[in-house]
Amino acid sequence: MRKLFSSQLIEARHEMLSIFESLDLTLHDAIKAFVTDDKKLAGKAKKRTLQADARCANLEAVCYNLIATQSPVASDFRLLQTIIYMNFNLERISDHVRSIARGAKRKAKAEVALPAELVELVEKEAKLVYRVMGTTATALVDNDLVLMRSLTDQDEPVRAVYEEFFRVYNHLLTAEEPDEGAFDDLRRTIMTSRYLERISFISVELASRLTFLLTGQRWSTADVVEADVEELESMRIPSGEGVILEPTADARYVAGIPAEEMGESLRELIENASDEDSDESDED
């Protein structure tokens, strides 16, 4: 029974990482649809977020079932709590990605083209968010507390572009005084920028949960940033028998994230995993 429980814990962790990868890739498609006015791609992105929601609901049920039937203790329970918390935040990200996809469909149908400056800023902001999500994936797979601390620095440029977006938006309103239809389109574009800012923020919050998983301490993101690196590392506690944190195996479940957006350590893990698969195929 204990081996089965350990296997189920690993599967739950892998599913969490796989959902994160799916949402990352879906966000790419939603933004591409927004920039290129691709209604079909926007529709596909929206459907994938609904699939992600269903996976999140199932993962939550699995975790609560394990708590109810296996009575996990110590690190086993921390892992389940962490997965449930991260799963909740994945649902929040999914909701924002779906809103971006909806905005992309509305933008494609709009009779008045949005100002190029606003579209370019959305694209610029999205690239920064991709990097935050890639770093988050790297920290989660590597269980890297130090890398986790750097996420707040990566989130700052996202917020800066979001604020720049508002300045450009206000300038356009003052200079052009758009009609009601164009004004409504502009509002929807603002929301796209807002959703991106929220996705970045949630990704940082999601990664910060590593502190609880690896140290047992419930620290806020601000506490983690202010802490000394040596202090953080010294707080690590051993994992229990059921908690198997294996970066090489975990990396497979986020391998679809563009390599240039993830950390170097994660790229190496994925490359090593690919080499192992190739070796196994040759042996077969």
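Residues numbered from 1 in each chain as written. Predicted model: local features only at pLDDT ≥ 70, side-chain atom pairs only at ≥ 80, totals over all residues. Heavy atoms only, no water.

With an unreviewed UniProt entry as reference, the chain is termed Phosphate uptake regulator, PhoU, source organism Coriobacterium glomerans.

> What should I look at first to understand empty space enclosed by the protein in this one?
A probe as big as a water molecule, rolled over the atoms, marks out the empty space that is left. Under the counting rule described, the total for this entry stands at two cavities of 30 Å³ or more. Volume-wise, the second largest cavity comes out at about 40 Å³. Taken together, M148, R149, L151, T152, V204, S208, T221, V224 and V225 make up the full set of residues lining the second largest cavity. Those elements that place two or more of their residues in the lining of the second largest cavity are α5 (145–149), α6 (151–176), α7 (180–208) and α9 (221–226). In terms of residue count, the dominant contributor to the lining of the second largest cavity is α9 (three residues). Of the residues in the lining of the second largest cavity, the class split is five nonpolar, three polar and one charged. (1 Å grid on protein atoms, 1.4 Å probe; cavity = no way out; pocket = protein on both sides within 12 Å on 5 of 7 lines; lining within 4 Å. Points joined across faces, edges and corners; volume = space filled by probe spheres on them. Helix = DSSP H or I, 4+ residues; strand = E, 2+ residues; numbered from the N terminus. Nonpolar A, V, L, I, M, F, W, Y, C, P; charged D, E, K, R; others polar.)

> Teacher, can you tell me more about unusual backbone geometry here?
Excluding glycine, most residues fall at negative phi; most peptide bonds, likewise, are trans. One non-glycine residue with positive phi stands out, namely A74, at about 50°. Mapped onto the secondary structure, A74 falls in helix α3 (residues 74–109). A positive phi angle, close to 55°, is found at N143, a residue other than glycine. With respect to the helices and strands, the residue N143 is situated in the loop between α4 (116–142) and α5. Among the residues examined, N143 registers a relative accessible area of 6% and is labelled buried. (Buried < 20%, exposed > 50% of the residue type's maximum accessible area, 1.4 Å probe, protein only.)

> I keep staring at the environment of P247 and nothing clicks. Help me out?
You can see P247 is positioned in helix α11 (residues 247–250). Taking the C-alpha atoms as reference, P247 lies 9.9 Å from S265; in sequence the two are 18 residues apart. Not counting chain neighbours up to four residues away, the residues in contact with P247 comprise V141, D142, N143 and L269. (Contact = heavy atoms within 4.5 Å.)

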